[in-house]
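# Per-entry structural report
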Amino acid sequence: MTIAAAATSTTSTELKSSSSLVNSQRHNWGVEEITQLFEMPLNDLLFKAQTTHRQYFDANEVQVSTLLSIKTGACPEDCKYCPQSVHNDTGLDAERLMKVKEVIKEAVAAKQQGATRFCMGAAWKNPRAKDMPYVLEMVKEVKAMGLETCMTLGMLAPDQAEQLADAGLDYYNHNLDTSPEFYGSIITTRTYQDRLDTLHNVRHSGMKVCAGGIVGMGENLRDRVGLLQQLANMPQHPESVPINMLVKVEGTPLDQVEDLEPFDFIRTVAVARILMPQSHVRLSAGREAMNEQMQAMCFFAGANSIFYGERLLTTDNPAAEKDRALFVKLGIRPEKRQGVSDEAHQGAIEQAMVNAKSDQLFVDASI
Ligand code: SAM
Ligand code: DTB
Ligand code: SF4
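What comes next is a walk through the structure. (Residues numbered from 1 in each chain as written. Chains lettered and ligands numbered in written order. Predicted model: local features only at pLDDT ≥ 70, side-chain atom pairs only at ≥ 80, totals over all residues. Heavy atoms only, no water.)

Now for the packing of helix α11 (residues 221-232) against helix α12 (residues 262-275). Running from N to C, α11 and α12 cross one another at 25 degrees; their axes reach a closest spacing of 10 Å. On the basis of the axis angle, α11 is roughly parallel to α12. The handedness of the crossing between α11 and α12 is right-handed. In contact with Arg-224, Leu-228 and Ala-232 of α11, α12 contributes Asp-264, Thr-268, Val-271, Ala-272 and Leu-275. Split by residue class, the contact of α11 with α12 holds 5 nonpolar, 1 polar and 2 charged. (Axes fitted to C-alpha atoms, helices over the stretch in contact; angles between N-to-C directions. Helix = DSSP H or I, 4+ residues; strand = E, 2+ residues; numbered from the N terminus. Parallel < 35°, antiparallel > 145°, perpendicular 65-115°, else oblique. Left-handed = near helix turned anticlockwise from the far one by under 90°. Contact = heavy atoms within 4.5 Å. Nonpolar A, V, L, I, M, F, W, Y, C, P; charged D, E, K, R; others polar.)

Core analysis: the biggest nonpolar cluster contains 93 residues, and Ile-70, Tyr-81, Met-151, Leu-164 and Phe-265 have the highest contact counts within it. The element contributing the most residues to this core is α12, with 8 residues. In contact with Met-151, other than residues within four places in its own chain, are Ile-70, Met-120, Val-135, Met-138, Val-139, Leu-164, Leu-169, Tyr-171, Tyr-172 and Asn-173. Counting 7 residues, the second-largest nonpolar core is a separate cluster that includes Cys-119, Tyr-171, Phe-307 and Leu-312. (Core = buried A, V, L, I, M, F, W, Y, C linked by side-chain atoms within 4.5 Å. Buried < 20%, exposed > 50% of the residue type's maximum accessible area, 1.4 Å probe, protein only.)

Before going further, it helps to examine the site of ligand 1. Close to ligand 1 lie 17 residues; Tyr-81, Thr-152, Asn-175, Asp-177 and Val-247 are nearest. In this structure, Tyr-81 approaches ligand 1 through a main-chain N or O atom, which is 3.0 Å from a nitrogen atom. A distance of 2.7 Å separates an oxygen atom of ligand 1 from a polar atom in the side chain of Asp-177. When the free accessible area of ligand 1 is taken as 550 Å², the share hidden by the protein chains comes to 91%. Cavity membership is defined here by more than half of the atoms lying within 2 Å of grid points; on that basis ligand 1 lies in the largest cavity. Residues belonging to the shell around ligand 1 are distributed by class as follows: 10 nonpolar, 5 polar and 2 charged. (Near = heavy atom within 4 Å. Polar contact = N/O pair within 3.5 Å; in protein donor to acceptor, adjacent residues only side chain to side chain. Areas by Shrake-Rupley, 256 points an atom, 1.4 Å probe, with all protein chains shown as cover. 1 Å grid on protein atoms, 1.4 Å probe; cavity = no way out; pocket = protein on both sides within 12 Å on 5 of 7 lines; lining within 4 Å. Sits in = over half its atoms within 2 Å of the grid points.)

Bear in mind that shape data such as this cannot, by itself, settle questions of function.
Below, the structure is given as structure tokens:
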């Protein structure tokens, strides 16, 4: 089937409601066949990924999330990539858990900019019992504003996952980060199994799962295969799969690691798309170091979500205007929140994109 035929034969809504297709998702991928995907000629791989993408998604829509660090630094874990670990001397100022009111102010700003999901991250090994009432209140208030909610707070016990689900948290982010084999070279203070257990608790609570990893930490192809195999062979695919490119932060043990070959990153996105056809694949950290052409190739490879706004947790992300201008250049529309009609909200980013377009025309006209 041609791409055009795949795109027009069935609407994505029809496909989402078709149980036979939902059941056709595979959860038994082997190392060999994933490796073969990675090793395909790039054009063939991209074609396969884009064709898969069009079976379930509008290829010109990208979901837009904004990230906020609600508790920064002084984390007891020893993740070698992370600027927030106490084990890494990055000069970061630690901050206490933000007040609910302050978080809401940031969520209002994110909504005004057109984000549809607000992700709150805390540099914790796990939330303590005394933290829970505050984070639960954040979830309730952000949700009441009409935003989707996501949190990443470290490991969760089953009852904590239940509490977050009851408060209305839509997504919980917890990454596997890399393959089981490479994991011990990156983190020693929590095990791979701890991470799988947290993901199990999140899934069991009824929340949507956001789980992915980092590429560019000095891992090899086998590790990228292993990470995607772990994610794709879960009993249910994570609804959201962030693929981060390592942000090298001075003072972390990985700050001198060799630069990743950009095509290896693009291949990772494409293989994630093929293995988890109905998941949102997020072009996550690392976009500051990517040019527009590389990001465009990632979208072609099936990435359909980004973090939007000039800050990730502690590092920089492209400015919102820059992303809006990129969307205009590529003809990409921000994805609407599913099942919610909030026209004023949707209008915010669309109007900003119109402005970006007229700014561009103005620049063109004045050259
Ligand atoms: N502390 C919680 C945890 O680790 O579970 C939540 C916050 S933590 C910062 C969320 C994720 O950000 C990590 O799992 C990792 O995948 C990603 N991350 C952290 N530092 C990064 C970096 N320098 N480059 C790319 N991704 C990074
Ligand atoms: C994810 O996979 N990437 C985001 C989010 N989940 C929480 C975090 C990226 C952090 C990049 C480094 C920093 O800004 O501190
Ligand atoms: Fe802590 Fe999360 Fe950073 Fe690891 S990734 S050091 S758990 S904040």
